[in-house]
Amino acid sequence: MRRLWMPLLVLLLVWAGPADPALARAQPPTNDSAEPPAGDVTKGLDDDEEDLWDFDDEEEDVETWGTLLRSQAPDLALFTMFATLTLVSFFRKSVWLKYVTFVAAIGYMGFAKSQLISVVNIYGAMTGNMPVFRYSLAWYLFAGFTVVSTVLWGRLYCGRVCAYGALTQLLDRFVPARLRIEVPTWLEQRAAWIKYGLLGTTLLYFLVTANITAYRYVEPFWLFTRRGSTGLWIGLAVLLVATVFVRNLYCRFLCPVGAALGLLSKLTVFKIKRWSACDTCKLCEKTCEWGAIRGPEIVLTECVRCDDCERLYYDTSRCPHWLILARAKLRGTWSAAKTAVTG
Ligand code: SF4
Ligand code: SF4
Ligand code: SF4
């Protein structure tokens, strides 16, 4: 039970308002007050007096769910298409579909919508500053997808949906391997804690000052709105250059949202299965670019469900466990070997 309280807390925190740029977009018009407009000349008159005027009642805009849905239908449809693409690429373990998803994430979720989960969302949850549901249906669909997919499969959001993560993973494909600096395991494991420190610090700062502007200094998602000061652009350039040498630098070591989703992913229902042969085989561990495999164990907080190890897992020509199964089959002990699946 004690192991569950932190992920549950994060679940509550992440279920919040949109990233800053999207927040502005998600807010309803401000004239939804039940009070008559300030210039309403009938205010204060009784029914008879009102009749004397004998004017036609002004036609009021009636806001029904039908009109709300119609106005938000394009956003709902486009996000549904994007989420479908994400899930299809995930379940098919298809490399090229994953890259198509990255492009869609950068283009649509990033530059077109600026819709990313941000620490601002956590601030919003802490203060109950949530967007109005009926005006923000697409955003709630996006946030719901993020939370539910994280609970079901882990940090699928980081592995597919986040525009910044998609951008750096795509960048990674074009960087020559000789430029890479492999971070030693001991350092990688320690550096992964920095993001939790940043998450705690930014939340504490917000609680003490009620000032949300610190988010711009702990996450580079403003990039997709192209609204940053000179200092921020310089900082971002330095971060991207560093990412050329150390892959997924920000995501692995610095991102507070990744830390929050990592805590939430401790609840993961459908984990990556491991074979008993994984106790000694290091193939997947060497393949994982996120430092999320330590021996036979998948570290849920670091894994972004990128599929790399799962493709190996199903590769009968490379994963040694298939060889073990084939030998066991020959010896007639197939069922015993088949059940030797852990986690
Ligand atoms: S770690 Fe942060 S920046 Fe990276 S993919 Fe996840 S949310 Fe996006
Ligand atoms: S290649 Fe197969 S046996 Fe080796 S670590 Fe990966 S899943 Fe386990
Ligand atoms: S290689 Fe496997 S463990 Fe590593 S991030 Fe990808 S899915 Fe997770």
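Details of the structure are given in the entry above.
Within every chain, residues take consecutive numbers counted from 1 along the sequence as written. To label them, take the chains in the order written and letter them from A, then take the ligands in the order written and number them from 1. A pLDDT threshold of at least 70 governs which residues receive local features in this predicted model, and a stricter bar of 80 or more applies before side-chain atom pairs are shown or counted, although totals over entire chains, interfaces and linings include all residues.

Asker: Hey, could you run me through the nonpolar core in this one?
Answerer: One finds A105, L116, Y157, C162, A163, A166 and A260 to be the most contacted residues of the largest nonpolar core, which totals 65 residues. For this core, the element with the most residues is helix α7 (residues 137-153), which contributes 7 residues. If you count residues domain by domain, this core takes at least three from each of domain 1 (2-24 + 69-270) and domain 2 (274-343). Contacts of A163, omitting those with residues within four sequence positions, involve A105, I106, M109, G110, L116 and F224. To define a nonpolar core, we join buried Ala, Val, Leu, Ile, Met, Phe, Trp, Tyr and Cys residues through C-beta atoms within 7 Å and take the resulting set. Counting other C-beta atoms within 10 Å of a residue's C-beta gives its exposure: the residue is buried at 20 or more, exposed at 12 or fewer, and partly exposed in between, where C-beta atoms are placed from the backbone. The numbering of helices and of strands both runs from the N terminus, where a helix is a DSSP run of H or I of at least 4 residues and a strand a run of E of at least 2. All domain edges in this entry derive from an automatic or database-based domain assignment. By definition, residues are in contact whenever their C-beta atoms, placed on the basis of the backbone, come within 7 Å of each other.

Asker: Looking at this structure, I do not really get the packing of helix α5 (residues 95-112) against helix α9 (residues 163-174). What am I missing?
Answerer: If you want to describe how two helices pack, look at the angle between their axes and the distance between the axes. Between N-to-C directions, angles cover 0 to 180 degrees, with each direction set by a line fitted to C-alpha atoms, over the stretch in contact for helices. Contact geometry for α5 and α9: axes closest at 8 Å, N-to-C directions at 140°. Our classification of the angle between α5 and α9 gives oblique. Crossing geometry of α5 relative to α9 is assigned as left-handed. Taking contact as the criterion, the partners of F102, A105, I106, M109 and G110 in α5 are, on α9, A163, A166, L167, Q169 and L170. Roughly parallel means an angle under 35 degrees; roughly antiparallel means over 145; roughly perpendicular covers 65 to 115; every other angle is labelled oblique. Crossing handedness follows the turn of the near helix against the far one: under a right angle anticlockwise gives a left-handed crossing, and clockwise gives a right-handed one.

Asker: How should helix α13 (residues 230-245) be read in this particular structure?
Answerer: Any helix carries an expected span of 1.5 Å times its number of residues minus one. Its 16 residues place the ends of α13 23 Å apart at the C-alpha level, agreeing with the 22 Å of an ideal helix rising 1.5 Å per residue. Of all 16 residues in α13, 0 are buried, a share of ten percent or less.

Asker: Please clarify how the site of ligand 2 should be interpreted in this entry.
Answerer: Contact assignment follows one rule, namely that a residue is near a molecule or strand if its backbone-placed C-beta atom lies within 6 Å of it. All residues in the neighbourhood of ligand 2 are listed as W275, A277, C278, C281, L283, C284, C309, L312, Y313, C319, P320 and H321. In terms of residue count, the dominant contributor to the shell around ligand 2 is helix α17 (residues 308-313) (3 residues). Of the residues that constitute the shell around ligand 2, the class distribution is 11 nonpolar, 1 polar and no charged. Note that Gly is not counted as nonpolar here; it falls among the polar residues with everything else outside the nonpolar set of Ala, Val, Leu, Ile, Met, Phe, Trp, Tyr, Cys and Pro and the charged set of Asp, Glu, Lys and Arg.

Asker: Honestly, the environment of T301 in this entry has me stumped. Any pointers?
Answerer: Note that T301 resides in the loop between β3 (297-298) and α17. A count of 20 C-beta atoms within 10 Å places T301 in the buried class. Separated by 39 residues in sequence, T301 and G262 have C-alpha atoms that sit 3.9 Å apart. Apart from the residues lying within four places of it in its own chain, the contact partners of T301 are G262, L263, S265 and K266.

Asker: When you look at the site of ligand 3 in this model, what are you seeing that I'm missing?
Answerer: If you check the shell around ligand 3, you find 14 residues, and the closest are C288, C303, C306, D308 and C309. Here the shell around ligand 3 gets 3 residues from one element, more than from any other, and that element is α17. In terms of residue class, the shell around ligand 3 is built from 9 nonpolar, 1 polar and 4 charged.

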